[in-house]
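# Tertiary structure, described
Spelled out from the first residue to the last, the chains are:
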Amino acid sequence: MPPSVLGVLATARTFTLDGIAARPVRVEVDVHRGLPNFTIVGLPDAAVREARERVRAALVNCGFEFPLRRIVVNLAPASLRKAGPGMDLAIAAALLSASDQLAWEGLARIALVGELALDGSARPVQGALAMAEAARESGAEAIVLPVENGPEAALVEGIETIAVDGLGSLAGLGEGTWRPAPPEPLELRREAVAGAPDLADLRGQPHLRHALEVAAAGGHSLLMVGPPGAGKSLAASRLPSILPPLAPVEALEVARIASACGRLDALPAGRPFRAPHHTISAVGLVGGGTSPIRPGEVTLAHRGVLFLDELCEFRRDALEALRAPLESGEVSIARAGGRRDLPCRFMLVAAANPCPCGRGETDPDCSCAPYEVQRYQGKLSGALADRIDVLAAVRQPSAKEIGGPPGEPSAAVRARVRAARERQEQRLGEGRCNAEMTPGEARACPLSDAAASLLADLYARQRLSGRAHDRTLRLAQTLADLTGAEEVGEEQMAQALQMRRRDHG
Amino acid sequence: MAEPRACLDCLRRAWLLADLGPYVERVATGEVGSRSPELLRLSNEELVEAAAPKVAAQLLARIAALPEERLREELLLAGCWACCRHGELYPEALRDAADAPWALIGRGDAALLEGLEPFGAVTIVGARRATSYGREVARELGRELAAAGMVVVSGLAFGIDGCAHRGALDAGRTIAVLGCGPDVAYPASHRTLWRRICESGLVVSELPPGATPWRWTFPARNRIMAALSGMTVVVEAATRSGSLITMDLAADLGRDLGAVPGPVTSRASAGPNSLLASGAQVIRGAQDVLDAMLGPGCKPIPPAGPDLDPQLQTVLAAVEAGESTCDAVAAATGFTGAATAAALSRLELLGYLHCSNLGIYLRTLLSPPSCRAL
């Protein structure tokens, strides 16, 4: 049988994004004699299916010929849903190879990622960082991707990154006559840059500053209650600036998430700070949706701060959905296609008004009925509030404070927080903080006699629940770490008892 | 102890009142000064004629036909008992009122009624919409008065009433007077409190088990609250409040009136402040109540507070000056945030301060030893 009757087969490697992970996809192109047709099979979504039109136009506009034959593109594995336009480049390359227009020996050993414009130029894709990592894992020799994605893919060591500006470059690459210079890796800014929001903007309010410092030092979740305009949002947005800088591994995790969500350019320096509006849905907060699964705000806040302003206005189901991720540090989303785990180790900071009108009952203009206040504050004692360690009552700063000198800058506070965190890591192990102590570890905290008797006295008088007892211990340990003391003193225990969130009415 | 006993006529009266609920609602409500206490002075026939002239005959016939066994069985099933104005257990104090209830339906410890004298009980009333100041004072008053052996009478409502009961339950005895059947927890969110009072105190009402509350039943139960005790104290109330009706009723009975002073700018304290202006006793704490009822110095409450070091005294003074958050205290005293937190925590443990779940600090009624002269 003459070879032209047999189909001509070419394959290429590419990736599809699933959550924040890249899944390998093998593109198989079969060019066969028959009625001219172009079919893509293998559970493509609408964007993948439309690759037909983009690839056809791009080939023709780059001077190639679009074969008038029966073309079948199979995206393997056939059971995995493929999404997004990132497979255009791989489909085009395999099609050129199958129609003998591109002689590329090693095409099957190279990963290609990129969206095609109608003129054949390559457009950036989301998740290039994860794709480059997946390419290395799957044993590819190099990854070819659009110029804009070059720097983030270059962060991955152990695989060659080839940045191309379009379909036209493939010919030279395939023949081995042209090779672009490797792109410079993206610089990950692990620490806030100068000019970023600084804690010095918070004037006066010594207790609020102290609460922020303690929360940052021990990784404790914080609730601020006070009237509107008292500085709750300002304080929360300064929190990332006093947290210790990201470790290199952590910075890469943050960049991987940002890359998968297509916002690596907008990635702020230092730790992420996410402040979703209170109308957000449960899925928007923790992630989900039909496949591919989209990461939620908790994942975007990974290694950073999730700020819930107007906590009492959030939908109850959204707040309930936060509970498990807060405990475990990851979101598990189960769908018919399987289960995905997204990381979400974040610090929770919430702010609430004392009553629906925000004035608080001490203000004579407050017109909230008792049951309204009760229902409003009900959310402050629910199951989510049970996960909150520190309570800070915030009040309007006085005119003297506002006009006074700026507060201590973030850098000074950060140095103390860092020292306290180092002490915790020595005791608990790499990357762990006091807020994550198990009840057993919390009860093993070294207490001075006076501190122990203070806590025991309160517990015996039934003013503390068992959970509150352990929470107080964790807080006291953080306070001791901040002062550098070997054991928790009476002073620190008294402070911890003051700062703990109350659960009585 | 005398067994709670009620004659058939008085029991039937209670059931008649429950039947008349919607009719009295129609004729007695309107302005705050409800007519219900006046209506309740009337005899059965007159009352029915005044409230429900169209169905008077049927109602009276129905009530007259109620079999005694059934009424007693209903009481038993609801876990209640009854005592009537002809019985031994009926409080002497109630006989002063022309409109006194014929029978009291109770749930809980009947022994609280035995030998209940007007000077052995204090009624604490106040607004449902109370500030944290009012709630704290009510709780402390309830606790200290109960600790001093007084019976604290209140109405189980939101706000001041609930706090007075809670305080009293911590230290002694309390009576809740309801505007519905004694087996009905109203408001429903006070179910736990109601149960605690049923277990260790007493819940009474003039309405039979299962009776639902009407608007007119609250002024009606206020007259029982006013009559039961020798002194009625209003903690917080707006100028047009049901609590002030109770004060009027108490004044009509010749009982002592007390009022807790509050800020002149606070709407919630407008009622007690105007009562003070017209001659009510100033109530700054349980001691003032005891002095007014039993004579000065008859029953002193020892100031229990321990000694304070200068730093704690400074912080306490700042809270007394009106600073309510840790931040404000730190700003006022000049101490660091950490030192202030520790000081507030110690003061709370010593009992000088109370902290709400929103982190707002309030002074309790406990006075430090240096102020013992007060």
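All residue numbers here refer to positions counted from 1 along the written sequence of the relevant chain. Working convention: letters from A go to chains and numbers from 1 go to ligands, in the order in which they are written. Reporting of local features is limited, given that this is a predicted model, to residues whose pLDDT is at least 70; pairs of side-chain atoms are given and counted only at 80 or more, and all residues count toward the totals for whole chains, interfaces and linings.

### Side note on the overall build of chain B
What counts here: Runs of E in the DSSP output that reach at least two residues are strands. Runs of H or I that reach at least four are helices, and both are numbered from the N terminus. The quantity called the radius of gyration is restricted to C-alpha atoms. Its globule counterpart is 2.2 Å times the number of residues to the power 0.38. For every residue, the other C-beta atoms within 10 Å of its own C-beta are counted; 20 or more classify it as buried, 12 or fewer as exposed, and values in between as partly exposed. C-beta atoms are placed from the backbone. Note that contacts rest on C-beta atoms placed from the backbone: two residues are in contact if these are within 7 Å.
Within chain B, the secondary structure is distributed over 15 helices and eleven strands. Its C-alpha atoms give chain B a radius of gyration of 22 Å, within 12% of the compact-globule value 21 Å for 374 residues. Over its C-alpha atoms, taken along the principal directions, chain B stretches across nearly 75 × 45 × 35 Å. Across the 374 residues of chain B, 55% fall into the buried class. Put simply, of all contacts in chain B between residues at least 6 apart along the chain, 71% involve residues at least 24 apart.

### Side note on the overall build of chain A
Looking only at helices and strands, chain A features 20 helices and 18 strands. Expressed as lengths along the three principal axes of its C-alpha atoms, the size of chain A is roughly 95 × 45 × 45 Å. Each of the 505 residues in chain A was classed as buried or not, and the buried ones make up 49%. Across chain A, contacts joining residues at least 24 apart in sequence account for 76% of those joining residues at least 6 apart.

### Comments concerning the domain arrangement of chain A
All names here are of chain A. The following threshold applies: Note that the domain bounds were set by an automatic or database domain assignment. Under the scheme applied here, ten amino acids are nonpolar (Ala, Val, Leu, Ile, Met, Phe, Trp, Tyr, Cys and Pro), four are charged (Asp, Glu, Lys and Arg), and all others, including Gly, are polar.
Per the domain assignment, the segments of chain A are domain 1 (8-175) and domain 2 (199-404). A C-alpha centroid distance of 40 Å is found between domain 1 and domain 2. At the junction of the two partners, domain 1 supplies 13 residues and domain 2 supplies 17 residues. Looking at the side of domain 1 that touches domain 2, the elements that each hand over two or more residues are β1 (8-18) and α4 (128-137). The greatest single-element share of the side of domain 1 that touches domain 2, amounting to three residues, is contributed by α4. Classifying every residue of the side of domain 1 that touches domain 2 gives seven nonpolar, three polar and three charged.

### Section: the interface of chain B and chain A
Each partner contributes residues to the interface: chain B has 30 residues there, and chain A has 33 residues. Every element with two or more residues in the side of chain B that touches chain A is listed here: α14 (326-333) and α15 (337-350) of chain B. By residue number, the principal contributor to the side of chain B that touches chain A is α15 of chain B, which donates nine residues. Its residues assigned to classes, the side of chain B that touches chain A comprises 13 nonpolar, twelve polar and five charged.

### Considerations on unusual backbone geometry
Note that the residue after A76 of chain A, namely P77 of chain A, is joined by a cis bond; omega there is 0°. As for its placement among the helices and strands, P77 of chain A is situated in the loop between β4 (70-76) and α3 (88-98). Residue Y186 of chain B is joined to P187 of chain B through a cis peptide bond whose omega torsion reads -5°. By the secondary structure assignment, P187 of chain B is in the loop between β5 (174-177) and α8 (191-200). Residues other than glycine seldom take positive phi values, yet R303 of chain A does so here, at roughly 65°. Along the chain, R303 of chain A turns up in the loop between α11 (297-300) and β14 (305-308).

### Let's talk about the sheet that holds β14 of chain A
Residue and element names in this part refer to chain A. Just so we agree on the cut-off: Here, any two strands with at least 2 DSSP bridges between them count as paired.
In spatial order, the strands read β11-β14-β17-β10-β18; together these five strands make up an open sheet with parallel pairing. If you trace the sheet from one side to the other, it starts and ends with β11 (273-274) and β18 (390-393), each paired once. Pairing between strand β10 (residues 222-225) and β18: four bridges, direction parallel. By the bridge assignment for β18, L223 is matched with L391.

### Some thoughts on helix α9 (residues 217-228) of chain B
Applicable threshold: Helices are assigned an expected span. That span is 1.5 Å times one less than the residue count.
Across its twelve residues, α9 of chain B extends 17 Å between first and last C-alpha, which sits within 8% of the 16 Å expected from 1.5 Å per residue. By the criterion of burial, α9 of chain B is predominantly enclosed, with eleven of the twelve residues buried.

### Considering α8 of chain B
Residues and elements named next belong to chain B. Put simply, the rule is: In this description, one arc is meant: the one made by directions from the helix axis to the C-beta atoms.
Taken together, the buried positions of α8 are occupied by L193, W194, I197 and C198. For α8, the angular spread of buried residues about the axis comes to 140°, placing them on one side. Turned more than 90 degrees away from the buried face of α8, the exposed residues are R191, T192, R195 and E199. Contact partners of the buried residues in α8: β2 (103-108), α7 (160-171), β5 and β6 (202-205).

### A few points about the nonpolar core
Residue and element names in this part refer to chain A. Selection rule: Note on terminology: a nonpolar core is a set of buried residues of type Ala, Val, Leu, Ile, Met, Phe, Trp, Tyr or Cys, with members joined through C-beta atoms within 7 Å.
Residues A92, A93 and I143 are the most contacted members of the largest nonpolar core, which totals 169 residues. Per element, the largest residue contribution to this core is nine residues, and it comes from α3. Setting aside residues no more than four positions away along its own chain, A93 makes contact with A12, L102, L107, L112 and L170.

### A look at the domain arrangement of chain B
Residues and elements named next belong to chain B. Segmenting chain B into domains produces domain 1 (8-294) and domain 2 (310-371). Here domain 1 and domain 2 have C-alpha centroids that lie 37 Å from each other. Each partner contributes to the interface: domain 1 provides six residues, whereas domain 2 provides six residues.

### Concerning the pairing of β14 of chain A
One face of the sheet, then the other: side chains in a regular strand alternate in exactly this way. Residues and elements named next belong to chain A. With burial as the criterion, each face of β14 is covered, one bearing V305 and F307 and the other bearing L306 and L308. Taken together, the two bridges between β11 and β14 define a ladder with parallel strand orientation. Paired with R274 across the strands is L306, a residue of β14. In this structure, β14 lies alongside strand β17 (residues 347-352), joined through four bridges in parallel fashion. The residue bridging L306 from the neighbouring strand is L348, located in β17.

### So, the sheet that holds strand β4 (residues 151-154) of chain B
Residues and elements named next belong to chain B. With respect to topology, nine strands assemble into an open sheet ordered β1-β2-β6-β5-β4-β3-β7-β8-β9, the strand pairing being mixed. In this open sheet, the two edge strands, each paired with only one partner strand, are β1 (81-84) and β9 (281-282). Note: β2 against β6, four bridges, orientation antiparallel. Residue pairing for β6: G108 is matched across the bridge by L202.

### Considerations on the environment of A51 of chain B
Residue and element names in this part refer to chain B. Here A51 shows up in helix α3 (residues 44-51). Once the C-alpha coordinates of A51 and L39 are considered, the two residues, twelve residues apart in sequence, prove to be 8.4 Å apart. Those residues within four positions of A51 in sequence are excluded, and the remaining contacts are L20, Y23, V24, V27 and L39.

### Some remarks on the packing of helix α6 (residues 132-147) of chain B against α7 of chain B
Residue and element names in this part refer to chain B. Note the following rule: The axes are straight lines fitted to the C-alpha atoms, using for helices just the contacting stretch, and the angles between their N-to-C directions are given from 0 to 180°. In a left-handed crossing the near helix is turned counterclockwise from the far helix by less than a right angle, and in a right-handed crossing that turn is clockwise.
Running from amino to carboxyl end, α6 crosses α7 at an angle of 35°, the nearest separation of the two axes being 7 Å. Considering how the two elements wind past one another, α6 and α7 form a crossing that is right-handed. Residues G134, R135, A138, R139, E140, L141, G142, R143, A146 and A147 of α6 form the contact with α7, whose own contacting residues are I160, C163, A164, H165, R166, G167, A168, D170 and A171.

### Description of the confidence of the model for chain A
Under the convention used in this document: In predicted models, pLDDT denotes the confidence assigned by the predictor to each residue on a 0 to 100 scale.
The predicted model of chain A averages 87 in pLDDT, with 95% of residues at 70 or higher. Residue range residues 1-5 of chain A is modelled with pLDDT below 50. Its contacts to residues more than four positions away, or to other chains, number three contacts.

### As for the packing of α4 of chain A against helix α9 (residues 248-260) of chain A
Residue and element names in this part refer to chain A. The criterion, for reference: With respect to orientation, any angle under 35 degrees is reported as roughly parallel, any angle over 145 as roughly antiparallel, any angle of 65 to 115 as roughly perpendicular, and every other angle as oblique.
α9 packs onto α4 with a crossing angle of 115° between their chain directions and a minimal axis gap of 7 Å. It follows from the interaxial angle that α4 and α9 lie roughly perpendicular. Listed contacts from α9 to A128, L129 and A130 of α4 are A255, R256, S259 and A260.

### Topic: the environment of I159 of chain A
Locating I159 of chain A in the fold gives a position in the loop between α5 (150-153) and β9 (160-164). As a C-alpha pair, I159 of chain A and R474 of chain A span 315 residues in sequence and 44 Å in three-dimensional space.

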